[in-house]
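Structural overview for review
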Amino acid sequence: MNTPPLAYADLFVSALIVLGAGFALVGSWGLVRLPSLMERLHGPTKASTLGLGAMLVASVVWFQLGKGVWTTHELLIPMFLFITAPISANMIAKVHLHRLRTGEASEPAGPAGPPPPPPGSADWATHEVPHEGTPGDFAGD
Amino acid sequence: MTTGVLEGALAFGFAALGVALALNLWRLVRGPGVADRILALDTMVINVIGLIVLAGIEGGSGTSFEAALLLAMVGFVGTVSYCKFLLRGDIIE
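To start, this report covers the structure provided alongside it. The structure displayed is predicted, hence computed values, not measured ones.

Criteria and cut-off values
- Residues numbered from 1 in each chain as written.
- Chains lettered and ligands numbered in written order.
- Predicted model: local features only at pLDDT ≥ 70, side-chain atom pairs only at ≥ 80, totals over all residues.
- Heavy atoms only, no water.
- Helix = DSSP H or I, 4+ residues; strand = E, 2+ residues; numbered from the N terminus.
- Buried < 20%, exposed > 50% of the residue type's maximum accessible area, 1.4 Å probe, protein only.
- Contact = heavy atoms within 4.5 Å.
- Areas by Shrake-Rupley, 256 points an atom, 1.4 Å probe, with all protein chains shown as cover.
- Phe/Tyr/Trp six-rings, centres within 6.5 Å; stacked < 30°, edge-to-face > 60°.
- Patch = residues over 30% accessible without salt bridge, like charges linked within 9 Å, V, L, I, M, F, W, Y side chains within 5 Å.
- Salt bridge = Lys/Arg side-chain N within 4 Å of Asp/Glu carboxyl O.
- Core = buried A, V, L, I, M, F, W, Y, C linked by side-chain atoms within 4.5 Å.
- Axes fitted to C-alpha atoms, helices over the stretch in contact; angles between N-to-C directions.
- Parallel < 35°, antiparallel > 145°, perpendicular 65-115°, else oblique.
- Nonpolar A, V, L, I, M, F, W, Y, C, P; charged D, E, K, R; others polar.
- Left-handed = near helix turned anticlockwise from the far one by under 90°.
- Expected span 1.5 Å × (residues − 1).
- Bend = angle between axes of the 7 residues up to and from the residue.
- Buried area = accessible area lost by both parts, 1.4 Å probe.
- Polar contact = N/O pair within 3.5 Å; in protein donor to acceptor, adjacent residues only side chain to side chain.

Description of the overall build of chain B
Within chain B one finds three helices and zero strands. Reading chain B from its N terminus to its C terminus gives the helix and strand order α-α-α. Classification of the 93 residues of chain B by burial places 47% in the buried group. Here the analysis covers contacts within chain B between residues at least 6 apart in sequence; of these, 46% occur between residues at least 24 apart. Element-wise, carbon and sulfur atoms account for 71% of the exposed surface of chain B, whose accessible area totals about 4,200 Å².

Regarding the packing of aromatic side chains
The final tally for this structure, using the stated rule, is one aromatic pair over all chains. Aromatic side chains A:Phe80 and B:Phe76 sit 6.3 Å apart centroid to centroid with 90° between the ring planes, which places their arrangement in the edge-to-face category. A residue pair is termed interchain when its members come from two chains, as with A:Phe80 in helix H4 (residues 76–101) and B:Phe76 in helix H3 (residues 64–88). By relative accessible area, B:Phe76 is classed as buried at 19%.

As for a nonpolar patch on the surface
A cluster of nonpolar residues, A:Leu76, A:Met79, A:Ile83 and A:Ile87, forms a patch on the protein surface that exposes about 370 Å² of accessible area. You can see A:Ile87 is positioned in helix H4.

So, the nonpolar core
Of all hydrophobic cores here, the largest spans 28 residues; its most connected members are A:Val13, A:Ile17, A:Ile77, B:Ile49, B:Leu54 and B:Ile57. Secondary structure elements with two or more residues in this core: helix H1 (4–33), helix H3 (42–67) and H4 of chain A together with helix H1 (4–30), helix H2 (34–59) and H3 of chain B. The dominant element in this core, judged by the number of residues it contributes, is H3(A), at eight residues. Those residues in contact with B:Ile57 that sit more than four places away from it in its chain are A:Ile17, A:Met55, A:Ala58, A:Ser59, A:Trp62 and B:Leu10. Counting residues in hydrophobic clusters, the runner-up holds 18 residues, among them A:Val95, B:Ile38, B:Ala40 and B:Phe76.

Observations regarding the packing of H2(B) against H3(B)
Residues and elements named next belong to chain B. Taken N-terminus to C-terminus, the directions of H2 and H3 make an angle of 175°; their axes are 9 Å apart at the nearest point. By the criterion of interaxial angle, the relationship of H2 to H3 is roughly antiparallel. Of the residues in H3, those touching H2 at Val34, Ile38, Asp42, Val45, Val48, Ile49, Ile52, Val53 and Gly56 are Ser64, Ala67, Ala68, Leu71, Ala72, Gly75, Thr79, Tyr82, Cys83 and Leu86. Counted by class, the contact of H2 with H3 contains 14 nonpolar, four polar and one charged residues.

Focus: the packing of H1(B) against H2(B)
Residues and elements named next belong to chain B. The N-to-C vectors of H1 and H2 enclose an angle of 165°; their axes lie 9 Å apart at closest approach. Judged by the angle between their axes, H1 and H2 are roughly antiparallel. Like other packed secondary-structure pairs, H1 and H2 cross with a definite hand, here left-handed.

Let's talk about the environment of B:Ala22
One can find B:Ala22 in helix H1. Classification of B:Ala22 as partly exposed rests on a relative accessible area of 47%.

A few points about H3(A)
One turn of the α-helix equals 3.6 residues, which is why residues spaced by three or four share an orientation. For H3(A), spanning 26 residues, the distance from its first C-alpha to its last is 37 Å, which sits close to the expected 38 Å at 1.5 Å a residue. At A:Leu52, H3(A) shows its maximal bend, which comes to roughly 25°.

As for the interface of chain B and chain A
In this assembly, 52 residues from chain B lie in contact with 54 residues from chain A. Between chain B and chain A, roughly 4,500 Å² of surface is buried when both sides are summed, and carbon and sulfur atoms account for 79% of that area. Of all residues in chain B, the largest losses of buried area upon contact with chain A belong to B:Leu39, B:Phe65 and B:Leu87, amounting jointly to 15% of the total for that side. In this structure, B:Asp36 engages A:Arg40 in a salt bridge whose closest nitrogen and oxygen atoms are separated by 2.1 Å. Viewed at the interface, chain A and chain B are joined by seven residue pairs in polar contact (both at pLDDT 80 or more).

Overview of H2(B)
End to end, H2(B) covers 37 Å across 26 residues, agreeing with the expected 38 Å (1.5 Å per residue, within 8%). Within two residues after H2(B), B:Gly60 carries a phi angle of roughly 75°, on the positive side.

Things to note about the environment of A:Ile77
Relative to the helices and strands, A:Ile77 resides in helix H4. For the pair A:Ile77 and A:Leu56, spaced 21 residues apart in sequence, the C-alpha to C-alpha distance is 8.1 Å. Sequence-distant contacts of A:Ile77, defined by excluding residues within four places in its chain, comprise A:Leu56, B:Ile49, B:Phe65, B:Ala68 and B:Leu69.

What follows is the structure, given as structure tokens:
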């Protein structure tokens, strides 16, 4: 039985799938095309938030309207990704800055240019010396 | 129940995610830095999660959700531990 509401649901789910897969493709295309790492970090964020978000909403709508069961636990995945994506992006940027400082990586000139230096005589905290008394303090070993 | 529109959209989604994975693999092989390779691996995990979600819609089974959530967690832990190792020379201090 293909009732009109179900047909609309099909169209809606299809549009969300096309949107999400398109965003994932554009994000990976940006990962290949952009010139420097700091710019490349921008591309996959669109894939992880908008792309996967749209696909998972499509999944929720599909299981609700096609089978009559609510499967909201799928929303856990975008929630988890929204929390973890900034952390992994920050870690990757720190690795990049650290290797720039130690001279193991080079920064190709892109349209955005190199990232601005930190203010004053400070430096980005990529390899901080462990504080005294913390488990990472091996100074006395 | 599945109409032609949804089948076409799923085919487009599988194709787009496959091309995206190929692009990520190119960046993973090409580099040029270690950070680029970590970013490429992280993006591959995201795209594979998308593939699993689309396969779940196509197959009509609700069990693919666990695989997708596990992959999201393992991918995040892998990225962070690799970055920590490069930054500190150790993973758990």
